[in-house]
Amino acid sequence: MIYEWLQSIKFVWPENFIFLAIIPFLIWHYLTSPRKQGAMLSSALVANMPKTFKVKFRHLPFILRLIAITCLVMALARPQHQTAMSRSEGEGIDIVLCMDVSGSMGTEDVKPYRFRVAKEVAIDFVKSRPVDRIGLVIFAGEAFTKVPITFDKKTVLTQLNSLKIMDGGYLEPGTLIGEGLAMSVNRIIKGKSKTKVVILLTDGKEDAPPTRIIDPVMATEIAKANHVRVYTIGLGSNLNTADQLVRGEGGMVVRNYIDEGLLTRMAKETGGRYYRATDKQSLLAIYSQIDGLEKSKIEIINYKEVKEMFLPLVLAALGWLLLEVLLRYTVFRKFP
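Residues numbered from 1 in each chain as written. Predicted model: local features only at pLDDT ≥ 70, side-chain atom pairs only at ≥ 80, totals over all residues. Heavy atoms only, no water.

A. Looking closely at the sheet that holds strand S10 (residues 274-277). If you trace the 6 strands from one edge of the open sheet to the other, you get S5-S4-S3-S6-S7-S10, paired in mixed fashion. The outermost strands of the open sheet, each flanked by one partner alone, are strand S5 (143-150) and S10. On average, adjacent strands in this sheet sit at an angle of 15 degrees to one another, irrespective of strand direction. Judged from the 6 bridges that link them, strand S6 (residues 196-202) and strand S7 (residues 229-235) form a sheet pairing that is parallel. When the bridges of S7 are listed, Ile 199 appears paired with Tyr 231. Against the sheet, helix H8 (residues 177-188) touches strand S3 (94-100), strand S4 (133-139), S5, S6 and S7, its axis set at about 25 degrees to S5. (Pairing = 2+ DSSP bridges. Helix = DSSP H or I, 4+ residues; strand = E, 2+ residues; numbered from the N terminus. Axes fitted to C-alpha atoms, helices over the stretch in contact; angles between N-to-C directions. Contact = heavy atoms within 4.5 Å.)

Below you can see the structure in the form of structure tokens.
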């Protein structure tokens, strides 16, 4: 801690350290000049004297003078304690990541498998948005808010890292794209940001149980009415194979199908875009494009906090000089 503090000390006029050259001259003069006070005595005489306080510390006044001179020279070099400061200011964007966690997200056509790639890229995206509020909504056969929109990126990242397909079995099977979007819009409209964005990622089409309340068309209209821009991403290979083995529960099979028409319509009608991701690299490129389209207004302020340190050194020098004078004309006035 002390080392770090010393590292932040800067001398504005370091050329004044040249005055320290006077110290060797003072030492030479002290050693060669006769001292009436008896500060300098022959080694034989000192050896025969009783080891009193005065004998042991006979050079103390001179040492105190050297310390005082050193402090004054350091003060002349004008030391400053400098602390670099930076601050980001600006208007962030409210973003909700709406992610499909249905069973088909375990398909391995996007290596190592779709869901893991979606998580990893989403985590990188969150880290790249320092001033935005971000929320997380997941959906399968029902929609669920994992994280309301927040500035707390640590919470968002923790929830993304712990996310599982079907949210660990708590969600019903199915793919409710409409209710996922509607839940996302419901969360984001409570924010105060002028720009509101939903990034909806899915690997399938609307697969709704009879209990569905909101379909994708209605959800899109809700987003439009609340001025929420929706970017949709279809994740999956371009292969049109009928069935692919899903990683996980019982070796179930799923149809490799993405309703690109629906996703395109949802994005277009809300002012967003539809993207198709066939591997991790293309998904990274998509998030990068969205990142470029939805830039926050950020103002970076950099400044230094400077504290002058010469005054404590001047006061210390005066203190050492005063102590020297007191000792020289009291304790060491007579020697031995």
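B. Helix H9 (residues 216-225), seen in detail. Within H9, burial applies to Pro 216, Ala 219, Thr 220 and Ala 223. Projected down its long axis, H9 carries its buried residues within an arc of 100 degrees, all on one side. On the buried face of H9, the contacting elements are H8, S7 and helix H10 (260-269). Backbone nitrogen of Val 217 and a side-chain oxygen of the N-cap are separated by 3.2 Å at the start of H9; the cap is Asp 215. (Buried < 20%, exposed > 50% of the residue type's maximum accessible area, 1.4 Å probe, protein only. Arc of directions from axis to C-beta. Polar contact = N/O pair within 3.5 Å; in protein donor to acceptor, adjacent residues only side chain to side chain.)

C. Structural context of H8. With 12 residues, H8 should cover 16 Å at 1.5 Å per step; its first-to-last C-alpha distance of 17 Å lies within 8% of that length. Summarising burial for H8: 9 of the 12 residues are buried, a large majority. Residues Ile 177, Gly 178, Glu 179, Gly 180, Leu 181, Ala 182, Ser 184, Val 185 and Ile 188 constitute the buried set of H8. (Expected span 1.5 Å × (residues − 1).)

D. Spatial organisation of the packing of aromatic side chains. One pass over the full model with this rule turns up 3 aromatic pairs. Consider the rings of Phe 25 and Trp 28, whose centres lie 6.0 Å apart with planes at 35 degrees: the pair is tilted. With Phe 25 and Trp 28 both in helix H2 (residues 22-32) and 3 residues apart, this pair spans about one turn of that helix. With a centroid separation of 5.2 Å and 55 degrees between ring planes, the pair formed by Phe 125 and Tyr 287 is classed as tilted. Here Phe 125, found in helix H6 (residues 114-127), pairs with Tyr 287, found in helix H11 (residues 280-293); they are 162 residues apart in sequence, far enough to count as distant. For Phe 125, a relative accessible area of 4% corresponds to the buried category. We note Arg 78 situated over the ring of Trp 13; from NZ or CZ to the ring centre the distance is 5.2 Å. Above the ring of Phe 151, the side-chain terminus of Arg 133 is found at 6.0 Å from the ring centroid. (Phe/Tyr/Trp six-rings, centres within 6.5 Å; stacked < 30°, edge-to-face > 60°. Lys NZ or Arg CZ within 6 Å of the ring centre and 35° of its normal.)

E. The arrangement of the pattern of salt bridges in detail. For the coordinates displayed, the defined rule picks out 16 salt bridges. Asp 291 is the partner of Arg 129 in a salt bridge, and the nearest nitrogen-oxygen pair spans 2.5 Å. With Arg 129 in the loop between H6 and S4 and Asp 291 in helix H11, this residue pair connects regions lying 162 residues apart in the sequence. In this pair, the class of Arg 129 matches that of Asp 291, namely buried. Measuring nitrogen to oxygen at the nearest pair gives 2.6 Å for the salt bridge that ties Arg 229 to Glu 294. Note that Arg 229 is positioned in strand S7 and Glu 294 in the loop between H11 and strand S11 (297-308), a separation of 65 residues in sequence. We classify Arg 229 as partly exposed; its relative accessible area is 27%. Ionic contacts of the salt-bridge type, sharing partners, join the residues Glu 221, Lys 224, Arg 265 and Glu 269 into one network. (Salt bridge = Lys/Arg side-chain N within 4 Å of Asp/Glu carboxyl O.)

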